[in-house]
Amino acid sequence: KDEGDPRALGNAAELEAYQARQAVPETAEPETPPCLMLFIDEVDKVCNEFMLNINGLLDKGEYLTASGVHFRLPAGTILFVFFTSNYGGDDISAMTAPDHDMACRYIEQDMRQAGLQTYTIRRMGMMIPFYPLKPGVLRELLLAKLSHYIENSSIANKYGCGMILY
């Protein structure tokens, strides 16, 4: 018998508890607005026309594709947009110590040199600069990842981890 079936319950107390659970209506979860995520990798390599179209999406919630498809963001939908780019990369790499404000200035300077308008830059929102890893840190990271891969690979199972030198 199925345990959800009241006939499978052993005594009157279990049957009564089962019936009480069935009588309680399920409460609906609070409705959360849908979220649409737009990820654009290396936005510094897209053409300015594309960025102008993205501005339309950010400003009016509408976008017209190059092929003529009209997209309208559904009412109540949260649009979460994030980008990666190499703006400011050379200057940030040359920094001797992380400085968030300076890194953001380098990024914005490169964006302006690429022809992006102030309103486009502002609509992109918060800038989160990433700094290059120092050679020693990069080596440690690579060795840790390589060690993990080797320990969990068929090579290690076949030859043993001690036989693999790196």
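Residues numbered from 1 in each chain as written. Predicted model: local features only at pLDDT ≥ 70, side-chain atom pairs only at ≥ 80, totals over all residues. Heavy atoms only, no water.

Draft legend 1. Expanded view of the side chain of E108. Its location among the elements puts E108 in helix 4 (residues 100-113). The residues touching E108, leaving out its near neighbours within four places in the chain, are I121, R122 and M127. (Helix = DSSP H or I, 4+ residues; strand = E, 2+ residues; numbered from the N terminus. Contact = heavy atoms within 4.5 Å.)

Draft legend 2. Fine view of unusual backbone geometry. You will see that E42, though not glycine, has its phi angle at about 55°, which is positive. Topologically, E42 is positioned in the loop between strand 1 (35-40) and helix 2 (48-60).

Draft legend 3. Main features of the nonpolar core. Grouped together as the largest cluster of nonpolar side chains are 19 residues, with contacts concentrated most on V43, F83, M111, L116 and M124. Only helix 2, strand 4 (78-83) and helix 4 provide two or more residues apiece to this core. Take this core: its biggest share by element is four residues, from helix 4. (Core = buried A, V, L, I, M, F, W, Y, C linked by side-chain atoms within 4.5 Å. Buried < 20%, exposed > 50% of the residue type's maximum accessible area, 1.4 Å probe, protein only.)

Draft legend 4. Spatial organisation of helix 2. Here helix 2 is 13 residues long and its end C-alpha atoms lie 18 Å apart, about the 18 Å a rise of 1.5 Å per residue gives. Every buried residue of helix 2 is listed here: M51, I54, N55 and L57. The buried residues of helix 2 occupy one face: seen down the axis, they fall within an arc of 160°. Away from the buried face of helix 2 by more than 90 degrees, exposed residues E49 and K60 are located. (Expected span 1.5 Å × (residues − 1). Arc of directions from axis to C-beta.)

Draft legend 5. Looking closely at a nonpolar patch on the surface. Taken together, the side chains of L133, V137, L138, L141 and L142 present a nonpolar region at the surface, about 430 Å² in accessible area. Among the secondary structure elements, L138 is positioned in helix 6 (residues 135-151). Look at L138 and you get partly exposed, because its relative accessible area is 37%. (Patch = residues over 30% accessible without salt bridge, like charges linked within 9 Å, V, L, I, M, F, W, Y side chains within 5 Å. Areas by Shrake-Rupley, 256 points an atom, 1.4 Å probe, with all protein chains shown as cover. Salt bridge = Lys/Arg side-chain N within 4 Å of Asp/Glu carboxyl O.)

Draft legend 6. Broad picture of the environment of C104. With respect to the helices and strands, C104 occurs in helix 4. Excluding anything up to four places from it in sequence, C104 contacts M127 and P129.

Draft legend 7. Fine view of the confidence of the model for the protein. A residue-level look at the protein finds 75% of positions with pLDDT of 70 or above and a mean pLDDT of 79. The least confident element of the protein is helix 7 (residues 154-159), whose mean pLDDT is 65; the most confident is helix 4, at 95. (pLDDT = per-residue confidence, 0-100.)

Draft legend 8. Just the side chain of T77, in detail. Along the chain, T77 falls in the loop between strand 3 (70-72) and strand 4. In terms of polar contacts, T77 uses its side chain to reach the backbone carbonyl oxygen of P74, at 2.9 Å. The residues contacting T77, other than those within four sequence positions of it, are P34, C35 and L36. (Polar contact = N/O pair within 3.5 Å; in protein donor to acceptor, adjacent residues only side chain to side chain.)

Draft legend 9. Seen up close, the pattern of salt bridges. Per the counting criterion, the structure on display carries five salt bridges. Among the salt bridges present, the one from D59 reaches R123, with a minimum N-O distance of 3.4 Å. A residue pair is termed long-range when its members are at least 10 positions apart, and D59 in helix 2 and R123 in helix 5 (residues 118-123) qualify at 64 residues. Classification of D59 by relative accessible area gives partly exposed; the value is 47%. A relative accessible area of 35% means that R123 is categorised as partly exposed. E62 serves as the salt-bridge partner of R72, at 2.8 Å between the closest nitrogen and oxygen. In this pair, R72 is assigned in strand 3 and E62 in strand 2 (residues 62-64), connecting sequence segments 10 residues apart.

Draft legend 10. Region of the structure containing the packing of aromatic side chains. Taken as a whole and assessed by the stated rule, the structure comprises two aromatic pairs. Ring geometry for F39 and F82: centres 4.8 Å apart, planes at 45°, overall tilted. Of the two residues, F39 sits in strand 1 while F82 sits in strand 4, which places them 43 residues apart along the sequence. With relative accessibility at 40%, the residue F39 sits in the partly exposed group. Site record: aromatic cluster; members linked through ring pairs are F39, F80 and F82. (Phe/Tyr/Trp six-rings, centres within 6.5 Å; stacked < 30°, edge-to-face > 60°.)

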